[in-house]
Every structure is written in C-alpha cells, then in structure tokens.
Amino acid sequence: MKNILVIGSINMDLTVSTPRVPVMGETIHGHSFSTSPGGKGANQAIAAAKSGGTVKFFGAVGNDVYAKALVNNLECNGVEYNGVSIEDVSTGVAVITIFNGNNSIILDAGANGRITVEMLEKKKELFAWADYLILQGEIPEEINIESAKYAKETGTVVVFNPAPYQDFSDELYKYIDWIIPNESETELMTRVCVDNEDSARKAVDLIRKKGVRNVIITWGEKGSVYSCGEDIKIMPARKTEAVDTTAAGDCFIGNFVRMLAEGSDIDTAVLYATAASSIAVSRRGASDSLPTKNEIEKLINC
C-alpha cells in the first residue's frame, strides 16, 4: 500500500434540512439541524483512511471550540494530522441547506484561507513520504501550486479536485496528473453543459487540452465519465435513495485514490469509488457518512 497525503480544508459543517428553498428575504422553518466535521480536504482524507489507506493530512484550524473536535475526528478515523493552528482566526465553517436530498453550501474559509507557503515549507518532508497527493480549491491557490511543485520534485502523483471552482492558473494545471470535477465545475471549466454522453466526452477532451491527461467527471445520479488511456468511458451510478449528497464527491475521490495506491487499475478504482459514494449519499453528514472498507466491499460483492 502506497502513502496518501491530503493538503486542504477542514471545516465544521452546520446543516439544516428544509421543505423547500426560501426566496430572497423569506424565513421558513427547517428541521434536523446538526453539526458535523467536514471540509473537502478532511473528508477526502477520511474517506481514503476508512477504506484502508495510509493517510496524512496538512491543513489549518483556528482558535475556537471547533478546532479540537475536528483534529480529533481526523485522528479517530485513522488520519495522521500534520497541520497548524492559527490563533487570530476562526476554524472554517460550512453552512449547508438540504432540500430533497441535494445541498447548497455557504463557506467561510477561516483558517483554511490563512495557510502560507512558509507553513507549508516547514512540512516539506511530507512530500518525500507521499506517493499520492490530493488537493482541492478550498485553500489558497498558491498553496496548491507550491504543493504540486513539491510533489513533482519527489515523483508524487497529484490529484486535484477543482472545487469550489475558480479560474485556476495554467501553472497549476501543468503539475496535475488527475483532475476530478463534478458536472457543474466541468461546465464552468469547459463551457459545456454535461447533460448526455456526447457532451460528457467532449468535456473530457477539452479538459485534456489544458494539459491534464487523466480526467474523471463525477456525474451525480448518472455516474461518472473518465479517461482511461486514450479511451473515454462511462461508469453508471448505483441506484440508491439520496438522503444527503454533501460528501459524495469527496468520498469518490478519497476511495479512488486509495484504490490507485493499492495498485488497482483505473476501471476497478472507479467502480469501487462509485460504490463508496452510493453509500455516502444514503446517510446524513459529511465525514460521518463515509463508509468503511468492509461496507464498500460488502456492497460490491452482494
């Protein structure tokens, strides 16, 4: 088993379910409020660790009641925390509204947005340890670029989740080995609405022209479309009743990379990640919803 390093965000998720989406200026009643550890980076790290990966995490928390709980959650789920604490800022928070199993999110980056290159340099030994590096868009782009540069120096495979989407620089793209956007991020990146197989294949081709040869588009209830060598393939989703899609993409990414780290071929890794994310959407919460290796293998083998 090879080693996985995740550099990214760690948040506390504040979640409430609603019977409908309120209009501007309207107050409506919600229900089932909960707090749950989240953040795309932390979710992806936990997803990989819970399915059997050897995982270390670098990120930042603030000076508040959420910080200790979030670090403890990483460590309790098998992730070694190698992050920093920033005294004069809050820990990242995501305010999540769930309607009919789908979510909308407002993010306050907090400490995630205050990570510096100097902080990263002090942890440079992590890159020599890692075989795979997972990055996302919830931390400053300069941190992602420097992390990807360090990874290339050590021969580490770089996996990038461009979420939340922004106009990422060409410099970042040239260091990426795998890019894994969802369908809305893909549309922002390519100006192609991914609504059928032909448009999905076209989008993969356009992303490849940015210099990233390996692409997976997570496609919600339709499954995923991905490049495998020169081929572009479709992996259908597993039928499941979606309760909360909050960490579905993170679950997919963590499990996909974990399978690559185990030596699996791409098709098997995508199949495994698809099964894992189908379990995650059937549960509430972010990291709380992520399945174990036994749960995933039981679903695949049933």
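Refer to the structure printed above.
Residues numbered from 1 in each chain as written. Predicted model: local features only at pLDDT ≥ 70, side-chain atom pairs only at ≥ 80, totals over all residues. Heavy atoms only, no water.

Some words on the environment of Asn 82
Here's step 1: Within the secondary structure, Asn 82 is located in the loop between β6 (79-81) and β7 (84-85).
Here's step 2: Through-space distance from the C-alpha of Asn 82 to that of Leu 5 is 10.0 Å; in sequence the pair is 77 residues apart.
Here's step 3: Residue contacts for Asn 82: discarding those within four places in its chain leaves Lys 56, Phe 57, Phe 58, Lys 123 and Leu 126.
Here's step 4: Reaching out from Asn 82, the side chain makes a polar contact with the backbone oxygen of Glu 80 at a distance of 3.2 Å. (Helix = DSSP H or I, 4+ residues; strand = E, 2+ residues; numbered from the N terminus. Contact = heavy atoms within 4.5 Å. Polar contact = N/O pair within 3.5 Å; in protein donor to acceptor, adjacent residues only side chain to side chain.)

A few points about the sheet that holds strand β13 (residues 214-218)
Here's step 1: What the 9 strands build is an open sheet, ordered β6-β4-β1-β10-β11-β12-β13-β14-β15; its pairing is mixed. In this open sheet, the two edge strands, each paired with only one partner strand, are β6 and β15 (231-235).
Here's step 2: Helix-sheet contacts for helix α10 (residues 266-280) involve β12 (178-179), β13, β14 (224-228) and β15, and the interaxial angle to β14 is about 160 degrees. (Pairing = 2+ DSSP bridges. Axes fitted to C-alpha atoms, helices over the stretch in contact; angles between N-to-C directions.)

Side note on the nonpolar core
Here's step 1: Ranked by internal contacts, the top residues of the largest apolar core, which has 51 residues, are Ile 4 and Phe 256.
Here's step 2: The leading source of residues in this core is α10, at 9 residues. (Core = buried A, V, L, I, M, F, W, Y, C linked by side-chain atoms within 4.5 Å. Buried < 20%, exposed > 50% of the residue type's maximum accessible area, 1.4 Å probe, protein only.)

Some words on empty space enclosed by the protein
Here's step 1: Taken as a whole and judged by the stated rule, the model has 1 cavity of 30 Å³ or more.
Here's step 2: In this structure, the largest cavity encloses a volume near 30 Å³.
Here's step 3: Of all the secondary structure elements, the ones that give two or more residues to the lining of the largest cavity are β3 (31-38), α1 (40-50) and α2 (65-76).
Here's step 4: Split into classes, the residues belonging to the lining of the largest cavity amount to 6 nonpolar, 4 polar and no charged. (1 Å grid on protein atoms, 1.4 Å probe; cavity = no way out; pocket = protein on both sides within 12 Å on 5 of 7 lines; lining within 4 Å. Points joined across faces, edges and corners; volume = space filled by probe spheres on them. Nonpolar A, V, L, I, M, F, W, Y, C, P; charged D, E, K, R; others polar.)

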